[in-house]
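Observations on chain architecture
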Amino acid sequence: DMSENTHEQPGAVTARKALAINLDRSVYGVFAEIGAGQEVVRHFFKAGGASGTVAKSMSAYDMRVSDAIYGHPKRYVSRERLEQMMGHEYGLLVDRLAAERGAQTRFFAFADTVATTPHDGKGQGHSWMGMRFQSEPGAAPSDVILHLRLWDRDAGRQQDALGMVGVNLIHASLHQRSSIDEFVQAIIEDVGAGRVEVDFVHFSGPGFPGFDNRTALVRLVRLGLTDAVLFDERGVPAVAGEFFYKKAVLVARGTFRPLSLVNEDMISCAQRAQPPSADTVTLYEMCVGQENASEEEIDGRISLVAAVGRPLLVTRHRGWYRLPAYFRLHTTGDVTLIAGMNNLVDLFNPAHYTHLEGGVLEACGRLFKDGVKVMVYPMRGDQLRRLISDPVACLVCFPETYQVALDAVVTAADVQVRPKVAGLFEHLRNNGFLIPITGASSAALACQPRTLAERIRQGYVGWEKEVPPEVAVEIKRSKRWFS
């Protein structure tokens, strides 16, 4: 076990992994690195015995030289370029050496394309990194592809982290494929999640039997390797940096157990009040950081969001104030969050902000900077009464003396809040940070999302009226909420 000794010098585990690979005569491959120097292959040269591992090492820095070898990509630090590099180098290696040593050799092609933080300190370092390899001699190739965000402040440190992650990826591909958790945790060994964030991973080929890519992304969040992962409108894993590039964002939070008419009406009402432009991405967001739900259940919820054709961001942090900062990593466009009345409780609950010196005020400052807005969806009186009866909601947000008619539709324009948060609430409303949503659908307001999953499980009649038709079809097809 490479991680047994926790008192080793930084880089010692990386050095031992590189040496172990160099001494393994069944492994032979190519290294192609663009953008940060030959940070990965140098570990193999430094460890000694590299001639046993390295068939070729190259770095095509000039764009025209690079294009002449790999073809012209839309963006140089992209999955497209990475796959061009892996495909070209692996194909050449096998063509040249398979006849001579294919019976006893596991061939591989390692590649990365990197943008480190420029000298002016502006911009975020990131990299696409991948490995195409044979799990045994003569096997069809398997691929693993990563997207990394590099959090060190200077390029030198980012290069250092990148080199260690690359060695980890090669070693894990060859030796640590018994589970998704083992593999992804091995990737950041000796480096740590504070320096490198893995926000995308994709497995394919016979070397990864049983590795589900949706599950892998959710595991990245739950293991703390990233704060958020993204699924596109088909439920397929996507990369935020490319998905949100130069886009405005309209995002609604939910738990989607299951997705109901309320969720869709929240987006519809927000779009009517603030018609989206052609460059607006509309999506859902779901926090799984504090949940005990199984990966299978979370996968089911991802499928339900895909059934209505919307992207989904799966996040680790409950605090709403973190979301705009996440989107700001990827876009300078407008960010609008859609909230329910219950989210006001989260917003004003000081228990969520004990780690912030300024508490609720600091959280609001972080949330609403850079023109961020929150649109608040109304609630029917009977449901608001249930919310008020919750001890935390009552303590944090609503007065216990609050009287509301069961059939009333209460918006953020007329809801009563406790005196201790009323001043802040008024300030946010009056300055256009909190925007009341009106015109909600009566069918959506009549839904009871909190009990919906249980009613479906117990076979109650009529639950289909509370979900979009596509969601009802998916629930019946998958039978996930009947178990």
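Right, let's walk through the structure included here.

How each quantity is defined
- Residues numbered from 1 in each chain as written.
- Predicted model: local features only at pLDDT ≥ 70, side-chain atom pairs only at ≥ 80, totals over all residues.
- Heavy atoms only, no water.
- Pairing = 2+ DSSP bridges.
- Helix = DSSP H or I, 4+ residues; strand = E, 2+ residues; numbered from the N terminus.
- Axes fitted to C-alpha atoms, helices over the stretch in contact; angles between N-to-C directions.
- Contact = heavy atoms within 4.5 Å.
- Buried < 20%, exposed > 50% of the residue type's maximum accessible area, 1.4 Å probe, protein only.
- Phe/Tyr/Trp six-rings, centres within 6.5 Å; stacked < 30°, edge-to-face > 60°.
- Lys NZ or Arg CZ within 6 Å of the ring centre and 35° of its normal.
- Salt bridge = Lys/Arg side-chain N within 4 Å of Asp/Glu carboxyl O.
- Right-handed = clockwise from strand over helix to strand, strands pointing away.

Some remarks on the sheet that holds strand β3 (residues 106-115)
By way of backbone hydrogen bonds, the strands of a sheet pair with one another, either parallel or antiparallel. One open sheet accounts for six strands, arranged β2-β1-β3-β4-β5-β6; its pairing is mixed. Each edge of the open sheet is held by one strand with a lone partner, namely β2 (54-58) and β6 (196-204). When the angles between neighbouring strand axes are averaged without regard to direction, this sheet yields 10 degrees. Pairing geometry for strand β5 (residues 142-150) and β6, over eight bridges, is antiparallel. The residue bridging Arg149 from the neighbouring strand is Glu197, located in β6. Relative to β3, helix α4 (residues 79-101) is tilted by about 155 degrees, and along the sheet it contacts β1 (27-34), β2, β3, β4 (125-133), β5 and β6.

Comments concerning the environment of Leu146
Residue position: Leu146 is located in strand β5. Relative accessible area serves as the criterion here: at 0%, Leu146 is assigned to the buried category. Distance from Leu146 to Gly289, taken between C-alpha atoms, is 22 Å for residues 143 residues apart in sequence. When residues no more than four places from it in sequence are discounted, the contact partners of Leu146 are Ser127, Trp128, Met129, Leu169, Ile187, Val198, Phe200 and Val201.

Focus on the environment of Cys287
Note on placement: Cys287 falls in strand β10 (residues 280-287). Given the relative accessible area of 15%, Cys287 is considered buried. Taking C-alpha positions, Cys287 is 9.3 Å from Gly319, a pair spaced 32 residues apart along the chain. With near-sequence residues (within four places) excluded, Cys287 lies in contact with Arg253, Thr315, Arg316, His317 and Arg318.

Section: the packing of aromatic side chains
This structure, assessed with the given rule, holds 17 aromatic pairs. A centroid spacing of 5.5 Å and a plane angle of 90 degrees characterise the contact between Phe31 and Phe108, whose relative ring orientation is edge-to-face. Highlighted residues: Phe31 in strand β1 and Phe108 in strand β3, separated in sequence by 77 residues. Each member of the pair Phe31 and Phe108 is classed as buried. In textbook terms, an aromatic cluster arises when at least three aromatic residues are bridged by ring pairs, as seen for Phe133, Phe183, Phe203, Phe208 and Phe211. In this arrangement the basic side chain of Arg101 is found over the ring face of Tyr28, its NZ or CZ atom lying 3.9 Å from the centre.

Side note on the pattern of salt bridges
Per the counting criterion, the structure on display carries 29 salt bridges. Residue Glu295 pairs with Arg219 through a salt bridge whose shortest N-O separation is 3.2 Å. Taken as a pair, Glu295 in helix α10 (residues 295-307) and Arg219 in helix α7 (residues 213-222) lie far apart in primary sequence, 76 residues in all. Overall, the relative accessible area of 16% leaves Arg219 in the buried class. One network of salt bridges, in which partners are shared, links Asp152, Arg157, Asp160 and Arg195.

What about helix α12 (residues 341-348)?
Counting buried positions over the eight residues of α12 gives seven, a clear majority of the element. Taken residue by residue, α12 has Met341, Asn343, Leu344, Val345, Asp346, Leu347 and Phe348 as its buried positions.

Details of the pairing of strand β9 (residues 248-253)
By the criterion of burial, β9 is predominantly enclosed, with six of the six residues buried. Both faces of β9 are covered, namely the face carrying Ala248, Leu250 and Ala252 and the face carrying Val249, Val251 and Arg253. Strand direction decides the pairing type here: β9 and β10, joined by six bridges, are parallel. Opposite Val251, over in β10, you have Leu283 as the bridge partner. In this fold, the crossover linking β9 to β10 by way of helix α9 (residues 261-273) has right-handed handedness. Here four bridges tie β9 to strand β12 (residues 335-339), and the two strands are oriented parallel to one another. The partner of Ala252 across the bridge, within β12, is Ile338.

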